[in-house]
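For reference, the chains in residue letters:
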Amino acid sequence: MKAIVQREFGPADVLVLEETERPSPGPGQVLVKVAAAGVHAVDTGIRQGYGPPTLPKPQLPMTPGREVAGTVEAVGPDVEGSWAGRRVVAHVGALSGGYAEYALAPAASLHALPDRVSFPAAIAAVGTGRTAQMVLNAARITAEDVVIVTGASGGLGNQLMQLAHSLGARVAALYGGEAKREAVTAFRRDGLVPVDTSDAAWADLMKAALEGAAPTVVLDGVGGDVARTALESLAPGGRHVIVGWASGAPVRVATDDIVERSITVGSVLGGRPADLRTLETRALEAVARGDAAPLVDEYPLADAAAAHTAIETRRSRGKVVLLPAHARPGTAHR
Ligand SMILES: NC(=O)c1ccc[n+]([C@@H]2O[C@H](COP(=O)([O-])OP(=O)(O)OC[C@H]3O[C@@H](n4cnc5c(N)ncnc54)[C@H](OP(=O)(O)O)[C@@H]3O)[C@@H](O)[C@H]2O)c1
């Protein structure tokens with residue numbers, strides 16, 4: 001089979017398509033014929049040798065990829081035979097190996113997919129979507145809220161934008177520059193305000209577009225100056241939820257923000273929730289219901305390096321997925 005193999009830690013071009021042996025499922029495992037594999041910002045750090053502390057540093061050579069969707073090709077010795085042939089998605093965690101035509105997955109990690117959920121959408125749900133569910137729980141968003149989502153063109157921000165809107169909230173969806181506009185406006189809905197942060201006057205433009213409705217929540221995966229401006233636009237009593245800092249620096253917070261304006265600042269990054277599987281199930285249900293229609297940026301499996309570079313150079317839109325040639329021949333772009 002074809003798989004991306006990484007033999008050293010380093011820049012994106014260490015990701016090379018090679019001919020490798022198809023793995024056999026061991027006890028508790030299935031073999032998935034991969035139709036879509038997820039690429040995550042975290043993967044770019046793992047590739048360079050500095051993954052998150054929750055993941056062990058991988059042994060090389062390795063095949064990256066922790067999110068896998070496809071059809072069960074074979075089951076391990078003690079696995080329920082009825083999984084064979086089913087459409088599934090799985091977050092395989094440290095097992096890795098998703099950037100390939102076939103990948104192993106623990107049977108316990110499998111979610112059966114209804115036909116109406118596409119493989120790329122399932123990928124967006126099982127990893128990034130589960131984080132979005134975690135964020136929504138922490139933010140306790142209701143229809144009364146006016147929510148600013150930073151990085152709404154990105155994998156996580158785009159889902160947060162859609163899900164906050166599905167809860168009835170008014171949403172200001174922040175994106176950076178004309179090239180990213182469509183990633184936000186493709187989800188055209190009443191109550192959703194696209195805001196281009198490359199315009200120096202964006203905060204004023206946002207205020208005008210919100211017609212006097214003061215923001216009550218910021219869902220923030222970007223940090224830096226954009227997040228600081230968003231925080232300053234919060235109404236007294238507002239809450240700023242930190243999800244990440246794609247800009248390189250978390251939002252700056254001063255004691256005055258908390259004492260004088262009663263703003264609450266929290267993070268969803270510190271602990272791991274007890275039940276990630278429940279969050280994955282909720283994320284998949286949100287896609288099946290149509291509450292979230294994840295924006296997906298597709299690359300051929302062979303172009304894994306280009307997919308990493310797109311994330312690292314801020315050119316990706318939505319959730320990045322790799323498609324093996326056998327999955328959708330001729331449809332992946334670039
Ligand atoms: N996805 C997850 O499951 C997950 C889980 C936990 C934490 N996080 C964290 O959440 C943040 C967003 O994750 P993601 O998966 O949505 O990443 P992503 O797809 O790469 O999106 C990040 C977005 O941030 C915006 N951004 C603004 N300034 C930026 C800058 N200087 N450099 C790069 N991007 C910039 C970009 O939008 P514009 O170019 O339109 O401004 C980009 O679309 C990251 O910090 C990530 O570590 C993600």
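Calculation notes
Residue numbers restart at each chain and count upward from 1, following the sequence in its written direction. Selection of residues for local features in this predicted model requires a pLDDT of at least 70, selection of side-chain atom pairs for listing and counting requires 80 or more, and totals for whole chains, interfaces and linings are taken over all residues. Heavy atoms throughout the structure, all of them, feed into the side-chain values; hydrogens and water do not. By convention here, the domain bounds are inherited from an automatic or database domain assignment. What makes two residues a contact is simply this: any of their non-hydrogen atoms within 4.5 Å. Summed over both partners, the accessible area lost on bringing two parts together, with a 1.4 Å probe, is the buried area. Whenever a nitrogen or oxygen atom comes within 3.5 Å of another N or O atom, the pair is scored as a polar contact, on the condition that within protein one atom can donate a hydrogen and the other can accept it, and that pairs from neighbouring residues in sequence are kept only if both atoms are in side chains. Side-chain classes follow a simple rule in which Ala, Val, Leu, Ile, Met, Phe, Trp, Tyr, Cys and Pro form the nonpolar group, Asp, Glu, Lys and Arg form the charged group, and the remainder, Gly included, forms the polar group. Nearness is judged by heavy atoms alone; a residue qualifies as near a molecule or strand once a single heavy atom is within 4 Å of it. Methods summary: accessible areas were calculated by the Shrake-Rupley approach with a probe of 1.4 Å, and residue burial reflects only the protein chains presented. Numbering of helices and strands runs from the N terminus, with a helix taken as a DSSP run of H or I at least four residues long and a strand as a DSSP run of E at least two residues long.

Time to look at the domain arrangement of the chain. One can read the domain layout of the chain as domain 1 (2-113 + 295-323) and domain 2 (129-267). Each of domain 1 and domain 2 was reduced to a C-alpha centroid, and the two centroids are 30 Å apart. Counting residues at the interface gives 8 residues for domain 1, matched by 10 residues for domain 2. Of the roughly 670 Å² buried between domain 1 and domain 2, counting both surfaces, carbon and sulfur atoms make up 49%. The three residues of domain 1 that bury the most area against domain 2 are Leu-295, Arg-314 and Arg-317, which together make up 60% of that side's buried surface. Our count for the domain 1 to domain 2 interface comes out at 5 residue pairs in polar contact (both at pLDDT 80 or more). Tallied by class, the residues present in the side of domain 1 that touches domain 2 amount to 1 nonpolar, 3 polar and 4 charged.

This next bit is on the site of the ligand. For the ligand, the set of nearby residues contains 21 residues, the closest of which are Ser-153, Leu-156, Gly-176, Lys-180 and Arg-314. Note that an oxygen atom of the ligand is positioned 3.1 Å from one of the side-chain N or O atoms of His-40. For the ligand, an oxygen atom lies 3.5 Å from a polar atom in the backbone of Gly-221. Its free accessible area being 880 Å², the ligand has 80% of it covered by the protein chains. Elements that contribute at least two residues to the shell around the ligand include exactly α2 (119-139) and α3 (155-166). Residue composition of the shell around the ligand, by class: 7 nonpolar, 12 polar and 2 charged.

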